[in-house]
Amino acid sequence: MSGLKKRNSNSSVDREEDKQVMERMLSPGSGGEKGDSCQDGEPGSDASKNPNGGGEEGEDGVVLKRTITMMNGVAIIVGTIIGSGIFVSPTGVVREAGSVGLSLIVWAVCGVFSTVGALCYAELGTTITKSGGDYAYILEVYGSLPAFLKLWIELLIIRPSSQYIVAYVFATYLLKPIFPVCPVPENGAKLLACLCILLLTFVNCYSVKAATRVQDFFAAAKLLALGLIIIIGFVKIGLGDTDGLLPENSFEGSNYEFGNIGLALYSGLFAYGGWNYLNFVTEEMIEPYKNLPRAIIISLPVVTIVYVLTNLAYFTTLSPAKMLNSEAVAVDFGNYYLGPMAWIIPVFVGLSCFGSVNGSLFTSSRLFFVGSREGHLPSLLSMIHPTLLTPLPSLIFTCAMTLLYAFSNDIFSVINFFSFFNWLCIAMAIIGMMWLRYKKPELERPIKVNILLPVSFVLACLFLIIVSFWKTPKECAIGFGIIATGVPVYLIGVWWKNKPKWMLHGIFSTTALCQKLMEVVP
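Residues numbered from 1 in each chain as written. Predicted model: local features only at pLDDT ≥ 70, side-chain atom pairs only at ≥ 80, totals over all residues. Heavy atoms only, no water.

**A few points about the overall build of the protein**
Turning to step 1, where the next piece is worked out: Counting secondary structure elements, the protein contains 24 helices and zero strands.
Turning to step 2, where the next piece is worked out: Looking at the 522 residues of the protein, the share that counts as buried comes to 55%.
Turning to step 3, where the next piece is worked out: Approximately 22,300 Å² of the protein is accessible, and the part contributed by carbon and sulfur atoms is 66%. (Helix = DSSP H or I, 4+ residues; strand = E, 2+ residues; numbered from the N terminus. Buried < 20%, exposed > 50% of the residue type's maximum accessible area, 1.4 Å probe, protein only. Areas by Shrake-Rupley, 256 points an atom, 1.4 Å probe, with all protein chains shown as cover.)

**Focus on helix 14 (residues 288-317)**
Turning to step 1, where the next piece is worked out: The end-to-end C-alpha distance of helix 14, which contains 30 residues, comes to 43 Å, matching closely the 44 Å that a straight helix rising 1.5 Å per residue would cover.
Turning to step 2, where the next piece is worked out: When you tally the buried positions in helix 14, you get 21 out of 30 residues, the bulk of the element. (Expected span 1.5 Å × (residues − 1).)

**Topic: the packing of aromatic side chains**
Turning to step 1, where the next piece is worked out: Across all of its chains, the model carries 23 aromatic pairs by this definition.
Turning to step 2, where the next piece is worked out: Seen from their ring centres, phenylalanine 170 and phenylalanine 354 are 5.3 Å apart, and the 50 degrees between their planes marks the pair as tilted. Placement of the pair is phenylalanine 170 in helix 9 (residues 144-175) and phenylalanine 354 in helix 17 (residues 344-373), with a sequence separation of 184 residues. Per residue, the accessibility class of phenylalanine 170 equals that of phenylalanine 354, and both read buried.
Turning to step 3, where the next piece is worked out: Where phenylalanine 217 meets phenylalanine 218, the ring centres are 5.0 Å apart and the plane angle is 90 degrees; that geometry is what we call edge-to-face.
Turning to step 4, where the next piece is worked out: Exposure remark for phenylalanine 217: the relative accessible area of 54% places this residue in the exposed category.
Turning to step 5, where the next piece is worked out: Using a relative accessible area of 11% as the deciding quantity, one classes phenylalanine 218 as buried.
Turning to step 6, where the next piece is worked out: Taken together, the ring pairs in this structure connect Phe113, Tyr121, Tyr137, Trp275, Trp423 and Phe457 into an aromatic cluster.
Turning to step 7, where the next piece is worked out: One Lys or Arg, arginine 159, reaches over the ring of phenylalanine 280 and ends 4.6 Å from the middle of that ring.
Turning to step 8, where the next piece is worked out: Over the aromatic face of phenylalanine 362 sits the side chain of arginine 366, whose NZ or CZ is 4.1 Å from the ring centroid. (Phe/Tyr/Trp six-rings, centres within 6.5 Å; stacked < 30°, edge-to-face > 60°. Lys NZ or Arg CZ within 6 Å of the ring centre and 35° of its normal.)

**Describing a nonpolar patch on the surface**
Turning to step 1, where the next piece is worked out: Taken together, the side chains of Leu145, Val487, Leu491, Ile492, Trp495 and Trp496 define a hydrophobic patch exposed on the protein surface, amounting to about 550 Å² of accessible area.
Turning to step 2, where the next piece is worked out: Sort the elements by how many residues they give to the nonpolar patch and helix 23 (residues 486-495) lands first, with four residues.
Turning to step 3, where the next piece is worked out: The topology assignment puts leucine 491 in helix 23.
Turning to step 4, where the next piece is worked out: Among the residues examined, leucine 491 registers a relative accessible area of 39% and is labelled partly exposed. (Patch = residues over 30% accessible without salt bridge, like charges linked within 9 Å, V, L, I, M, F, W, Y side chains within 5 Å. Salt bridge = Lys/Arg side-chain N within 4 Å of Asp/Glu carboxyl O.)

**Structural notes on the side chain of threonine 127**
Turning to step 1, where the next piece is worked out: Note that threonine 127 resides in helix 7 (residues 100-127).
Turning to step 2, where the next piece is worked out: Note on threonine 127: relative accessible area 4%, which makes it buried.
Turning to step 3, where the next piece is worked out: Side-chain polar atoms of threonine 127 contact the backbone oxygen of glutamate 123, separated by 2.7 Å. (Polar contact = N/O pair within 3.5 Å; in protein donor to acceptor, adjacent residues only side chain to side chain.)

**Notes on the pattern of salt bridges**
Turning to step 1, where the next piece is worked out: Applying the stated criterion across every chain yields a total of eleven salt bridges.
Turning to step 2, where the next piece is worked out: The shortest N-O distance in the salt bridge between lysine 130 and glutamate 140 comes to 3.4 Å. Remark: glutamate 140 occurs in helix 8 (residues 134-142) and lysine 130 occurs in the loop between helix 7 and helix 8; sequence separation between them is ten residues. In this structure, lysine 130 and glutamate 140 share a single accessibility class: buried.
Turning to step 3, where the next piece is worked out: Salt-bridge contacts for lysine 190 lead to glutamate 186; the nearest nitrogen and oxygen are separated by 3.7 Å. Of the two residues, lysine 190 and glutamate 186 both sit in helix 10 (residues 186-206), four residues apart, roughly one turn of that helix.
Turning to step 4, where the next piece is worked out: Lysine 190 sits in the buried class, given a relative accessible area of 15%.
Turning to step 5, where the next piece is worked out: Here the salt bridges share partners, and the residues they tie into one network are Asp134, Lys150, Glu154 and Arg159.

**Some details on the environment of methionine 434**
Turning to step 1, where the next piece is worked out: Looking at the element boundaries, methionine 434 is found in helix 20 (residues 421-439).
Turning to step 2, where the next piece is worked out: Each C-alpha atom of the pair methionine 434 and leucine 124 lies 9.7 Å from the other, and the pair is 310 residues apart in sequence.
Turning to step 3, where the next piece is worked out: When residues no more than four places from it in sequence are discounted, the contact partners of methionine 434 are Ile451, Pro454, Val455 and Val458. (Contact = heavy atoms within 4.5 Å.)

**A closer look at the packing of helix 10 against helix 11 (residues 208-239)**
Turning to step 1, where the next piece is worked out: At their nearest, the axes of helix 10 and helix 11 sit 5 Å apart, and the two run at 130 degrees to each other. In terms of axis orientation, helix 10 runs oblique to helix 11. Residues Leu200, Val203 and Asn204 of helix 10 lie in contact with helix 11, whose contacting residues are Ala210, Ala211 and Val214.
Turning to step 2, where the next piece is worked out: In the contact of helix 10 with helix 11, the residues fall into five nonpolar, one polar and no charged. (Axes fitted to C-alpha atoms, helices over the stretch in contact; angles between N-to-C directions. Parallel < 35°, antiparallel > 145°, perpendicular 65-115°, else oblique. Nonpolar A, V, L, I, M, F, W, Y, C, P; charged D, E, K, R; others polar.)

**With respect to the confidence of the model for the protein**
Turning to step 1, where the next piece is worked out: For the protein, mean pLDDT is 83; residues scoring 70 or higher make up 87% of the total.
Turning to step 2, where the next piece is worked out: By mean pLDDT, the top-scoring element of the protein is helix 18 (residues 392-404) (94), and the lowest-scoring one is helix 2 (residues 31-39) (39).
Turning to step 3, where the next piece is worked out: In the model, residues 1-15 has pLDDT below 50 throughout and makes 26 contacts with residues more than four positions away in sequence or in other chains.
Turning to step 4, where the next piece is worked out: In this model, residues 21-59 is a region of pLDDT below 50 whose contacts with residues beyond four sequence positions or in other chains number 89 contacts. (pLDDT = per-residue confidence, 0-100.)

**Comments concerning the side chain of threonine 304**
Turning to step 1, where the next piece is worked out: Examined against the element boundaries, threonine 304 turns out to sit in helix 14.
Turning to step 2, where the next piece is worked out: Given a relative accessible area of 11%, threonine 304 falls into the buried group.
Turning to step 3, where the next piece is worked out: Contact partners of threonine 304, with chain neighbours within four places excluded, come to Ala108, Gly111, Thr115 and Tyr272.

**Observations regarding the nonpolar core**
Turning to step 1, where the next piece is worked out: With 143 residues, the main nonpolar core has Phe87, Ile229, Trp275, Tyr307, Trp423 and Phe457 as its most contacted residues.
Turning to step 2, where the next piece is worked out: In terms of residues, this core owes the most to one element, helix 9, which gives 16 residues.
Turning to step 3, where the next piece is worked out: Every residue in contact with tryptophan 423, bar those within four places of it in the chain, is listed here: Phe113, Tyr266, Leu269, Trp275, Phe457, Cys461, Leu464 and Ile465.
Turning to step 4, where the next piece is worked out: Of all hydrophobic cores here, the second largest spans six residues; its members include Leu380, Met383, Leu392 and Val520. (Core = buried A, V, L, I, M, F, W, Y, C linked by side-chain atoms within 4.5 Å.)

If you want it as structure tokens, here you go:
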């Protein structure tokens, strides 16, 4: 609490306190050095042994409280996975698979694959009970530099760009009923997307409980929307006239080539993205040993069943050719059956995106919070508001990085450079899990999956990485180049310990000023 400035004290006392705080912040035991204890990559550090992984009380300073229940965890996973993709563009799988039957098999396989990965992450999350997900696990096993590069790309590109894209889709579909026969104005959609991000940042800053309630509500809303589509599909099947779904017809035009199957899996797995997001907030879960695996075991089968049945419902009305020519599959599907109530679908798509942005902001801020706590980002980002008990600086930072993408006109091309990166980091984390089993068998593991699951999952990840390099070598090479830009940043910001006094004083002064403005403490 010594980091909290006394606004009513006189200037000499204030200066003395500033000096003490500066010494504390720059001392070997400060937050900036915490990462060094883990930077050697030695598993079994205090965080991995401590089942509380943060708890509600700390020996020095304010910490985030445990407020996330099992159902909140389910809402975070379901609400983050189900975004705009299943409503707008489930066509990537159809394009590569070529038939109804093979497409449905790919969707089911992707669901099983994601469930296997999530079960492996349940073991990781209950063995290393730090928040931070992949970043925390890579730091624990591989050391400081690989973890920093993961954090660097997440911070610079992946998190802010994906959050802005989903917010933009939210804005577009919410405005679509106002512009039914013409395109939604780009500037109007951008403005509404920015307002969406600002509003959700305010909610997350105000209260963790408020943020989880928003997540719960919008997760339920998107399941309701998909449930409506599924019911219509089953009614259509019951009425007959769905010859294209018969086994003898459903596999016509299937494409079984190695590369096409790989790309179909890539498209399907992209729609399942977010299954590992609950691991980013492990320290804020109530009884994570119980609730983390339970939330995962509930969420992934639900999402898999909903995705497969939703696509089955689409195919009752739209042939693969019609689906490929559709700009928004769910909207076209709604136009067939809902008549004057067809506007419901665009609104539900918008609400689905709103919930996804909330879940992503919530987990992204915790990633940057943990990165700061480990000494990889400025210490300000690991500070907490003492009354609200939210990571205010990291939330504001996440918001600012996301809003910067409103000035970009070609976000998708940037994201394409990192098609391989996500699977590479996940594979590294799960290889690390197997390595921990061998090197640290004494660690407590409330969940221990069969060894065949992580082995098969890692092999599948390697397959996806190989396909990515084979099909898009140029984009992957550019992606590696952008990742490499993090190395000099790491050397200057983290590795270089003996910085000159003027630089340290400038860092401290800036941190103290922001700390006073936000009223946050270490």
